[in-house]
Amino acid sequence: MNKLVKLSELFEPKYGVNLELINLDQCNSTEKGAVPFVSRTEKNNGVSAFVYEMSTIELNPAHTLSVAVSGSVLSTFYQPKPYYSGRDLYVLIPKKNFSPIEMLFYAKYISSNKYRYNYGRQANKTLRDILLPESTPNRLISHLDLFKSEIEKKIIEKPVSSQKVELNTCNWKWYFLDDIFHYEKGVRLTKETREKGTIPLVTAGKEKEGVAENVANEEMIRYSNAVTIDMFGNSFYRQYPFCCDDNILVLKPKIGSFSKYIGLFMASVLNIDTYKCAYGRQYRQKTFVRHKIKLPAMSNGLPDWQFMEDYIKSLYYSQLI
């Protein structure tokens, strides 16, 4: 039986540097001097932005755990690089020589205590006393090490293109989506009438990129190499064959077709506007003509498709797309 000990026996909790993102200079993650800014969010490993490093403010050390003690309470992530942090964020410095795999184990274990907290019950006073296994299970570590090595074999850090492409939005222009895309509404399909099969069924939602299950219904139209946008503005590029229900609009470019790189760029830009959508302002077939999107533009006023492709190709890990 693995003995349980207090968190403070394994880690030294320290309050983070406590910065406000609004007071920092934000930048792209690939720029020189860029460091992660970790906040209380439970998404994206806690990283809400990248900012320029400041000589006057010391970074939180690498190989530590970041823990939110308010907001998304007890959202815990392993931080492999030095970083800045926002308010109500603790940094856990390991007292033992833990490997990254072991740090990930403890991050998950700490996060599993979330149910004990909420916005009215923060973790700043009780963080030190949370009980953790004194050591990580050998079987689990062996399994995770094997998984890590398999992932590392597939990871290629070099981008598809060595060309450096700056994302400067100053010259971008607004376009009506109706001027760029042909759009088509999916087919209504209730849960009761779904037939088990092999074709992904896309419906409204972010989880699993909106794929509810695989179906075989013959009445469902098959699509591929298209961008989908649901009623709430969640957008994804889908290179694979799929079908969708009537909560989805399928967007096909009026230029004929586009590459997967342009498709990913378009979906990413569309997702920026999800905050505008709610039950009172949804993406529907009747109102689609009202929606606009801001895109890179050429001197003749047309969207700069080549820039979109070049930018995605210039990103790290683009060879994995």
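Shown above is the structure to which this text applies.
Draft legend 1. How the structure looks around helix α6 (residues 305-313). The element α6 is largely enclosed, with a buried count of seven among its nine residues. When α6 is considered as a whole, its buried residues turn out to be Trp305, Phe307, Met308, Glu309, Asp310, Tyr311 and Ile312.

Draft legend 2. Broad picture of the nonpolar core. Within the largest apolar cluster, 27 residues are counted, with the highest numbers of intra-cluster contacts made by Val227, Phe265, Met266, Ile293 and Leu295. Elements that contribute at least two residues to this core include exactly α4 (177-180), β15 (226-230), β18 (248-253), α5 (260-272), β19 (292-295) and α6. Of the residues forming this core, the biggest block, seven residues, is contributed by α5. Residues in contact with leucine 295, not counting those within four places in the same chain, are Trp172, Lys173, Tyr175, Ile180, Phe265, Met266, Val269 and Met308. Among the nonpolar cores identified, the runner-up in size contains 23 residues, and Leu65, Leu74, Tyr90 and Ala123 belong to it.

Draft legend 3. Layout of the sheet that holds strand β13 (residues 196-202). In space, the three strands of this open sheet follow the order β14-β13-β17, with mixed pairing throughout. Here the strands that pair on one side only, and so sit at the sheet edges, are β14 (211-215) and β17 (243-244). In this structure, β13 lies alongside β14, joined through five bridges in antiparallel fashion. Paired with valine 202 across the strands is valine 211, a residue of β14.

Draft legend 4. Representation of helix α2 (residues 100-111) in the model. For α2, built from twelve residues, the straight-helix expectation of 16 Å at 1.5 Å per residue is met to within 8% by its first-to-last C-alpha distance of 16 Å. Considered for burial, the residues of α2 that qualify are Ile101, Glu102, Met103, Phe105, Tyr106, Ala107, Ile110 and Ser111.

Draft legend 5. Focus on a nonpolar patch on the surface. Nonpolar side chains collect at one region of the surface, where Tyr316, Tyr317 and Leu320 lie side by side and expose about 330 Å² of accessible area between them. In this fold, tyrosine 316 is placed in the segment after α6.

Draft legend 6. Structural view of the sheet that holds strand β3 (residues 26-27). With respect to topology, four strands assemble into an open sheet ordered β3-β5-β4-β8, the strand pairing being mixed. The open sheet is flanked by β3 and β8 (84-85), the only strands paired with a single partner. Pairing of β3 with strand β5 (residues 47-52), which is carried by two bridges, proceeds in the antiparallel orientation. Following the sheet pairing, cysteine 27 is matched in β5 by phenylalanine 50.

About the cut-offs
- Residues numbered from 1 in each chain as written.
- Predicted model: local features only at pLDDT ≥ 70, side-chain atom pairs only at ≥ 80, totals over all residues.
- Heavy atoms only, no water.
- Buried < 20%, exposed > 50% of the residue type's maximum accessible area, 1.4 Å probe, protein only.
- Helix = DSSP H or I, 4+ residues; strand = E, 2+ residues; numbered from the N terminus.
- Core = buried A, V, L, I, M, F, W, Y, C linked by side-chain atoms within 4.5 Å.
- Contact = heavy atoms within 4.5 Å.
- Pairing = 2+ DSSP bridges.
- Expected span 1.5 Å × (residues − 1).
- Patch = residues over 30% accessible without salt bridge, like charges linked within 9 Å, V, L, I, M, F, W, Y side chains within 5 Å.
- Areas by Shrake-Rupley, 256 points an atom, 1.4 Å probe, with all protein chains shown as cover.
- Salt bridge = Lys/Arg side-chain N within 4 Å of Asp/Glu carboxyl O.

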